[in-house]
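Structure at a glance
For reference, the chains in residue letters:
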Amino acid sequence: MSLVKVLEVVKDLHSANPSLSSFVDWPKNLTSNEKSNVNIPATDLVKHFELKGSQHTQPLVSAVKEHAQFANWQRTYTEDEVGLDFLNRYGYYELIGTNGHFHSDDLRAFIAYWGEGLTYDWHSHEAEELYFLLAGSALFKTERIEKILKTNDSCYHRSWESHSMVTFSDPVLTLVLWRGNGLEILSTMDKK
Ligand code: ZN
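This section reports on the structure supplied with the text. (Residues numbered from 1 in each chain as written. Predicted model: local features only at pLDDT ≥ 70, side-chain atom pairs only at ≥ 80, totals over all residues. Heavy atoms only, no water.)

1. Things to note about the sheet that holds strand β7 (residues 138-141)
With respect to topology, five strands assemble into an open sheet ordered β8-β7-β10-β5-β12, the strand pairing being antiparallel. Single-partner strands in this sheet number two, and they are β8 (146-149) and β12 (188-189). Relative to β12, strand β5 (residues 119-124) runs antiparallel, the two being bridged by two bridges. Across the sheet, histidine 123 pairs through a bridge with methionine 189, a residue of β12. (Pairing = 2+ DSSP bridges. Helix = DSSP H or I, 4+ residues; strand = E, 2+ residues; numbered from the N terminus.)

What follows is the structure, given as structure tokens:
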């Protein structure tokens, strides 16, 4: 089973949402990369994710849950960097991108999940980034701003702008878009 349904719903959300569509154009000529499914502990947590999105985001929340076990789930960091509890309750997959389920060289789109009570420490990457919250909530921090984001909220990070995120009593399910230079370079933790 492929993630075509998830792609269709992301495309609908992108065209209906000005913060998403003004951040990056929908890519042309998407082709399938034929990614195999890879399941991690977060796969099941996403499958059984209990929070509801908004009217606007719930179709994607449902599609992500229903197709969770068919995705190529990944984790960028090691246990040394983030600890075992974080690794067991976080994960993402690249829906669109250079190495995504659907190939594009113009943007990357990730579906990403964090369980409750996690601290995602300061990190950065060259690509510009837009987080869009599908359901749940989290505190987003940069040197410029600190704010709690909820469903339908978004948060922009400049190229190489260091950022961190904390979840409290809720987990969080997000759509993350990348554009600009350095698309192929993954995020790294800031040196302490
Ligand atoms: Zn980031």
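Following the structure, the description resumes.
2. Focus on unusual backbone geometry
Phi is positive for asparagine 29, close to 55°, though the residue is something other than glycine. Counting through the fold element by element, asparagine 29 comes out in the loop between α2 (18-23) and β1 (31-32). The exposure class assigned to asparagine 29 is exposed, which follows from its relative accessible area of 70%. Of note, glutamate 34 is a non-glycine position whose phi angle comes to about 55°, a positive value. Turning to its location among the elements, glutamate 34 is positioned in the loop between β1 and α3 (41-47). (Buried < 20%, exposed > 50% of the residue type's maximum accessible area, 1.4 Å probe, protein only.)

3. Quick notes on the coordination of the zinc ion
Taken together, the protein donors to the zinc ion comprise His125 (NE2), Glu129 (OE), Glu129 (OE) and His163 (NE2), at separations of 2.1 to 2.5 Å. All donors of the zinc ion belong to a single chain; written as a sequence motif, their spacing is H-x3-E-x33-H. Residue histidine 125 is found in the loop between β5 and β6 (128-136), and its partner histidine 163 is found in strand β10 (residues 163-166); the two are separated by 38 residues along the sequence. (Donors = N, O, S within 2.8 Å, 3.2 Å for Na, K, Ca; no water.)

4. Notes on helix α1 (residues 4-16)
Across its 13 residues, α1 extends 18 Å between first and last C-alpha, which sits within 8% of the 18 Å expected from 1.5 Å per residue. Along α1, the residues that are buried comprise Val6, Leu7, Val9, Val10, Leu13 and His14. For α1, the buried positions fall inside an angular range of 165° around the axis, keeping them on one side. What points out from α1, more than 90 degrees from its buried face, is the exposed set Asp12 and Ser15. Its buried side turned inward, α1 meets α2, α4 (58-66), β2 (90-97), β3 (102-103), β6 and β11 (172-179). (Expected span 1.5 Å × (residues − 1). Arc of directions from axis to C-beta. Contact = heavy atoms within 4.5 Å.)

5. Examining the nonpolar core
If you look at soluble globular proteins, the nonpolar side chains tend to sit buried side by side. Membership of the largest hydrophobic core comes to 35 residues, with the highest contact counts inside it found for Val6, Tyr93, Leu95 and Leu175. Secondary structure elements with two or more residues in this core: α1, α2, α3, α4, β2, β4 (108-114), β6 and β11. Among the elements that line this core, the one with the most residues is α1, at five residues. What valine 6 contacts, discounting residues up to four positions off in sequence, is Leu60, Ala63, Val64, His67, Tyr93 and Leu95. (Core = buried A, V, L, I, M, F, W, Y, C linked by side-chain atoms within 4.5 Å.)

6. What to know about the sheet that holds β2
If you walk across this open sheet you meet the seven strands as β1-β3-β2-β4-β11-β6-β9, and the pairing is mixed. The open sheet has two free edges, formed respectively by β1 and β9 (154-157), since each of these has just one partner strand. Bridge count for β6 against β11 is eight bridges, and the pairing is antiparallel. By the bridge assignment for β11, alanine 135 is matched with leucine 173. Set on the sheet, α1 makes contact with β2, β3, β6 and β11; between it and β2 the angle comes to about 80°. (Axes fitted to C-alpha atoms, helices over the stretch in contact; angles between N-to-C directions.)

7. Description of the packing of aromatic side chains
Taken as a whole, this structure holds 13 aromatic pairs when the rule is applied. By way of ring pairs, the aromatic residues Tyr77, Phe86, Tyr90, Trp114, Tyr120, Tyr131 and Phe140 are connected into one cluster. (Phe/Tyr/Trp six-rings, centres within 6.5 Å; stacked < 30°, edge-to-face > 60°.)

8. Observations concerning the pairing of β2
Among the eight residues in β2, eight count as buried, and that is most of the element. Note that β2 and β4 share six bridges and pair antiparallel. Each bridged residue has a counterpart across the sheet, and for tyrosine 90 the counterpart in β4 is tryptophan 114. Bridging between β2 and β3 involves two bridges; their strand directions are parallel. Its bridge partner being in β3, isoleucine 96 is matched across the sheet by phenylalanine 102.

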